[in-house]
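Reading the structure
One-letter residues, chain by chain:
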2 protein chains.
Amino acid sequence: MYHVPPLDRLIEQLERLPGIGHKSACRLAFHLLNTGEKNAGDFIDAIRDARERIRECEICCNLTDQPLCPVCRNESRDTAVICVVEDAQDVSAFERTREFQGLYHVLHGAISPMDGIGPDRLRIKQLLHRAADERVREIIMATNPTVEGEATAMYLAKLLKPFGVLTTRLAYGMPAGGDLEYADEVTLRRSLEGRNEM
Amino acid sequence: MYHVPPLDRLIEQLERLPGIGHKSACRLAFHLLNTGEKNAGDFIDAIRDARERIRECEICCNLTDQPLCPVCRNESRDTAVICVVEDAQDVSAFERTREFQGLYHVLHGAISPMDGIGPDRLRIKQLLHRAADERVREIIMATNPTVEGEATAMYLAKLLKPFGVLTTRLAYGMPAGGDLEYADEVTLRRSLEGRNEM
């Protein structure tokens, strides 16, 4: 508390951001106060502009500023495989691997009764619509390996069954660079179950 | 890179904030996109409002939204002692100790030729003006224990000499809760030099 209302209010607003504690909020507040007028204006404009222009891709619900997202616009992608993820950030994580050539479907969350997020809050209708396209061969469930992500994957797999499309789930196992000593039991058990011949 | 210009621009702006790396910037960007319209508006208003209303205290140059800062407005403070600090955050650090009852003087930086910050960029003229007041008995140099903070303290002490006011410097030594094993040599040497009878 600096007992200067506009400053305390700014710090309070910054503390609401994810991953920002009180000390970081103070540091950010002083930076935003001391930075030049142009920098502050650019920062505010970037927030406003992004909020105004960004919407969901008409095909996969990924975030974009055009009717279709960059992946769906790319004609060289394999339209037979759809990778279902929870958030737009997950699309970016897969793109960084440069491994996956198919399309995505962004659910914008996972089913979580504890947080009041039911299936109706997710982009499931759009996924079923895409699954009905006969060109789609495989749908990969790439929701997070959490209770909510698992529940969502199972729920979707059940819904997709009548479409006769192959539904797969990401492999479980040890993360690369991980340490067996510190691995939790569920991860270890699953990496044993899923062992492969060398 | 999300290849969605308004989103990439927002992330780039967030990355310029102190202590915010690329991953945090992405997380903050998605939060700012997904939060409600009122929350986003409140956030932007808090930045604008703080920038418009916050100015420097007419006495000590601390940040305030009124002519005088909360410390200088408080009539129960001891006006005979002035604690000179680099930034407004340092005032708040001292106030948390509930130990110091005097007034402050905020320099808004430290002399740093490497960064092109000369004495003319600091609130030194205002400090000399205050030192001329015969009620002032002591001026404590509480700049940071860094090369720049030391240089600033020495420079000010020299300037203040003709005023015949007592000039003191914060004590050096081991930080509370610190570990001797990990203390640097300068700190250890100074804590030896400054040892007190028990």
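Presented here is a report on the structure given in the accompanying data block. (Residues numbered from 1 in each chain as written. Chains lettered and ligands numbered in written order. Predicted model: local features only at pLDDT ≥ 70, side-chain atom pairs only at ≥ 80, totals over all residues. Heavy atoms only, no water.)

1. Some remarks on the pattern of salt bridges
Charged atoms that come close allow side chains of opposite charge to pair. Just so we agree on the cut-off: Salt bridge, as applied in this entry: a Lys or Arg side-chain nitrogen positioned within 4 Å of an Asp or Glu carboxyl oxygen. The buried label applies to any residue whose accessible area, calculated with a 1.4 Å probe on protein chains only, is under 20% of its type's maximum; exposed applies above 50%, and partly exposed to all values in between.
Inspection of every chain in the model, using the stated rule, returns 22 salt bridges over all chains. Between Glu-12 of chain B and Arg-16 of chain B there is a salt bridge; the shortest N-O distance is 3.5 Å. Judged by relative accessible area, Glu-12 of chain B falls into the partly exposed class, the value being 41%. Residue Arg-16 of chain B is classed as partly exposed on the basis of its relative accessible area of 47%. If you follow the salt bridges from partner to partner, you end up with Arg-9 of chain A together with Asp-49, Arg-53 and Asp-65 of chain B in one network.

2. With respect to the sheet that holds strand E6 (residues 166-169) of chain A
All names here are of chain A. Selection rule: Pairs of strands are assigned from DSSP output, requiring at least two bridges between the strands. The secondary structure listing takes helices from DSSP runs of H or I that are at least 4 residues long and strands from runs of E that are at least 2 residues long, numbered from the N terminus. Each axis is a line fitted through C-alpha atoms, taken for helices only over the stretch in contact, and angles between the N-to-C directions span 0 to 180 degrees.
With parallel pairing, four strands are arranged side by side in an open sheet as E4-E3-E5-E6. Strand pairing shows two members of the sheet lacking a second neighbour, strand E4 (102-106) and E6, which therefore form its edges. Averaged over all neighbouring strand pairs, the angle between strand axes comes to 25°, with direction disregarded. Pairing of strand E3 (residues 78-85) with strand E5 (residues 138-141) involves four bridges; the strand directions are parallel. Residue pairing in the sheet places Val-84 in a bridge with Met-141 of E5.

3. What to know about the interface of chain B and chain A
The condition that has to hold: The contact definition used throughout considers only heavy atoms, calling two residues in contact when any of these lie within 4.5 Å. Put simply, buried area is how much 1.4 Å-probe accessible surface two parts lose in total, over both of them, once they are put together. Under the rule applied, a polar contact is a pair of N or O atoms within 3.5 Å (in protein, one hydrogen donor and one hydrogen acceptor; residues adjacent in sequence only if both atoms are side-chain atoms).
In this complex, chain B contributes 45 residues to the contact, which on the side of chain A involves 45 residues. Between chain B and chain A, roughly 4300 Å² of surface is buried when both sides are summed, and carbon and sulfur atoms account for 68% of that area. At the boundary of chain B and chain A, one finds four salt bridges. Between Arg-51 of chain A and Glu-37 of chain B there is a salt bridge, with the nearest N and O atoms lying 3.0 Å from each other. Linking chain B with chain A are ten residue pairs in polar contact (both at pLDDT 80 or more). The set of elements that each furnish at least two residues to the side of chain B that touches chain A consists of helix H1 (5-15), helix H2 (22-34), helix H3 (37-53), strand E2 (63-64), helix H4 (70-73) and helix H5 (88-97) of chain B. At 13 residues, the largest contribution of residues to the side of chain B that touches chain A is made by H3 of chain B.

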